[in-house]
Amino acid sequence: MSRKRFIDPFEPEHIRRLVAEFGSPLLIVDCQRVRTQYRKLRKALPGVDLHYALKPLPHPAVVRAIVDEGGWLDLATTGEVQLAASLGIDPARCIHTHPIKRERDIHNALEYGITTLVADNPDEVRKLRPYAGRVALLLRVSFRHPGAVCDLSRKFGCDPEAALELARLAAREGLNVSGLSFHVGSQAADAAKHVEAIEVCARLLAAARRERLGACDTLDIGGGFPIDYTEPAADIGRYCAPMRRALARLPRRVRVIAEPGRYLAGPAAIGVATVMGRAQREGHWWYYLDDGVYGSYSGQLYDHARYPLSAMRTGPLLPSVLAGPTCDGIDVIAEHLQLPRLNIGDLIVGRQMGAYTWSTASTFNFFPKATIVAANRQPGDSGGV
Ligand SMILES: *Cc1c(COP(=O)(O)O)cnc(C)c1O
């Protein structure tokens, strides 16, 4: 990598410059870090096609960076399909993975040219019957994972014991069961659940293939790959090692794909907020920022994440509280922090804030969402909206 050609937009001088130019609150996305994350995961899962799941950070610059690296997309809604279409992305690089779809969602995905769709129950399979000739169907299987920070198998997926019967129904409806998918949940401590799911799905694929229920040659191992927050996560190479061993035991004809979201987007952005006021309460300095849990810090509520926070100033540390701008009492970002004494106008930086932050933000109380700037979209591109 030619270091000289890319800036580090997370360095204080660039943060200040970008806030001066684009205002606050700001989410600074570094496309070079997106590429780095993509390459690291490719290396940790060789031979696995990585479909970026857009929902953590559905920003054109992120999508472009991943596709330009040779990556693929995992779309789940009509809005995400429209975003991919507006960027002119080849639909052959996209799959649609929402297990529950409206008629128009199915129509829009197929119209765009996507062929791989997901279902996890009989009604959803029947919705696809009119398009049988055009659909490569993945059946989503559920693997409950209380150990993951976000369990995604309670709401979606069929029981492994019911998967074969569902595949038979799909075949009877004239659909091609191209394979199975799962999502074991996000930000898990280890890959044990992934390994269990791969092994169970391998047996199910083999059984479905014996019954000639479709091509049965795709295994989609979902997302969930963890990143550092205030607590560090396992190194991705080590995290994926047991998965690599499990995948190596699959028959060669099985194509393996994954749907990483958090891992690609999370470390690639920082949130920058400005102190808009301060007060001393019960021996603590309270600083009121122009971004909070109704904004970029919404991930603290929905995603259970805790972002590393820092001030761009040094000095003796004092017990401090960072609060959001809204009039609601729940809008507190962090208590029990030790921070230098801050002034109104000072900047606070939240790291690892690319995933499930801006995308889940609201404009409650009419406080606008952070502006996004994407730096390093091309070598030498220092920042732009
Ligand atoms: C949210 C989601 C992802 C991305 O999950 P991460 O944990 O962010 O990697 C992938 N696939 C599906 C179906 C999802 O809903």
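Residues numbered from 1 in each chain as written. Predicted model: local features only at pLDDT ≥ 70, side-chain atom pairs only at ≥ 80, totals over all residues. Heavy atoms only, no water.

Caption draft 1: Here's a closer look at the packing of aromatic side chains. A complete count under the given rule lists six aromatic pairs for this structure. With centroids separated by 5.8 Å and ring planes inclined at 75°, the aromatic side chains of Tyr-229 and Tyr-307 adopt a geometry described as edge-to-face. Highlighted residues: Tyr-229 in the loop between β8 (218–220) and α9 (236–248) and Tyr-307 in the loop between α11 (299–302) and β12 (309–311), separated in sequence by 78 residues. Ring centres of Trp-285 and Tyr-287 lie 6.0 Å apart, and the angle between their planes is 15°; this geometry places the pair in the stacked category. Look at Trp-285 and you get buried, because its relative accessible area is 12%. Residue Tyr-287 is classed as buried on the basis of its relative accessible area, which comes to 0%. One aromatic cluster is present, formed by Tyr-229, Tyr-297 and Tyr-307 through successive ring pairs. The ring of Trp-72 has Arg-255 sitting right over it, with the charged end atom 5.1 Å from the ring centre. Stacked on the ring of Trp-358, the Lys or Arg Lys-369 has its end atom at 4.1 Å from the ring centre. (Phe/Tyr/Trp six-rings, centres within 6.5 Å; stacked < 30°, edge-to-face > 60°. Helix = DSSP H or I, 4+ residues; strand = E, 2+ residues; numbered from the N terminus. Buried < 20%, exposed > 50% of the residue type's maximum accessible area, 1.4 Å probe, protein only. Lys NZ or Arg CZ within 6 Å of the ring centre and 35° of its normal.)

Caption draft 2: Seen up close, the packing of helix α4 (residues 78–86) against helix α5 (residues 103–112). Where α4 meets α5, the closest approach of the two axes is 9 Å, and the angle between their N-to-C directions is 20°. It follows from the interaxial angle that α4 and α5 lie roughly parallel. By crossing handedness, the relation of α4 to α5 is classed as left-handed. Along the contact surface, α4 presents Thr-78, Val-81, Ala-84 and Ala-85, while α5 presents Arg-104, Asp-105, Asn-108, Ala-109 and Tyr-112. Among the residues making up the contact of α4 with α5, the classes are represented as five nonpolar, two polar and two charged. (Axes fitted to C-alpha atoms, helices over the stretch in contact; angles between N-to-C directions. Parallel < 35°, antiparallel > 145°, perpendicular 65-115°, else oblique. Left-handed = near helix turned anticlockwise from the far one by under 90°. Contact = heavy atoms within 4.5 Å. Nonpolar A, V, L, I, M, F, W, Y, C, P; charged D, E, K, R; others polar.)

Caption draft 3: Representation of the sheet that holds strand β4 (residues 94–96) in the model. Taken together, the eight strands give an open sheet; going across it, the order is β4-β3-β2-β9-β8-β7-β6-β5, and neighbouring strands pair in parallel fashion. Pairing within the sheet leaves two strands with one partner each, and these edge strands are β4 and β5 (116–119). Across this sheet, the average inter-strand angle for adjacent strands is 30°, counted without regard to direction. With four bridges joining them, β5 and strand β6 (residues 136–140) adopt parallel strand pairing. Counted as the bridge partner of Val-118 is Leu-138 from β6. (Pairing = 2+ DSSP bridges.)

Caption draft 4: Main features of the pattern of salt bridges. Under the defined criterion, the tally for this structure stands at 16 salt bridges. When the shortest N-O distance is used, the salt bridge between Arg-255 and Asp-49 registers 2.8 Å. Linking Arg-255 in strand β9 (residues 255–258) with Asp-49 in strand β2 (residues 49–53), this pair joins segments that are 206 residues apart in sequence. Among the ionic pairs, Asp-346 bridges to Arg-313, the shortest N-O distance being 2.5 Å. Remark: Arg-313 occurs in the loop between β12 and β13 (317–323) and Asp-346 occurs in the loop between β14 (332–340) and β15 (347–350); sequence separation between them is 33 residues. (Salt bridge = Lys/Arg side-chain N within 4 Å of Asp/Glu carboxyl O.)

Caption draft 5: Spatial organisation of the nonpolar core. Residues Tyr-52, Leu-73, Leu-219, Ile-221, Phe-225 and Met-243 are the most contacted members of the largest nonpolar core, which totals 113 residues. Sort the elements by how many residues they give to this core and helix α8 (residues 192–210) lands first, with nine residues. Split by domain, this core shows at least three residues from each of two domains, domain 1 (31–265) and domain 2 (266–375). The next biggest cluster of nonpolar side chains, apart from the first, holds 13 residues, and it includes Ile-15, Ile-270, Val-272 and Val-373. (Core = buried A, V, L, I, M, F, W, Y, C linked by side-chain atoms within 4.5 Å. Domains from an automatic or database assignment.)

Caption draft 6: The arrangement of the site of the ligand in detail. Around the ligand, the surrounding shell holds 14 residues, and the nearest of these are Lys-55, Ser-186, Glu-259, Arg-262 and Tyr-356. In this structure, an oxygen atom belonging to the ligand sits 2.9 Å away from a side-chain N or O atom of His-183. Within the backbone of Arg-262, an N or O atom sits 2.8 Å from an oxygen atom of the ligand. Contact with the protein chains removes 92% of the 380 Å² of surface that the ligand exposes when unbound. Its residues assigned to classes, the shell around the ligand shows three nonpolar, six polar and five charged. (Near = heavy atom within 4 Å. Polar contact = N/O pair within 3.5 Å; in protein donor to acceptor, adjacent residues only side chain to side chain. Areas by Shrake-Rupley, 256 points an atom, 1.4 Å probe, with all protein chains shown as cover.)

Caption draft 7: View of the domain arrangement of the protein. Here the protein is partitioned into domain 1 (31–265) and domain 2 (266–375). The straight-line distance from the C-alpha centre of domain 1 to that of domain 2 is 33 Å. Counting residues at the interface gives 20 residues for domain 1, matched by 20 residues for domain 2. Summing the contributions of domain 1 and of domain 2, the shared interface buries around 1,600 Å²; its carbon and sulfur component is 63%. A per-residue breakdown of the area domain 1 buries against domain 2 is headed by Pro-56, Tyr-229 and Ala-265, which together make up 29% of the total. (Buried area = accessible area lost by both parts, 1.4 Å probe.)

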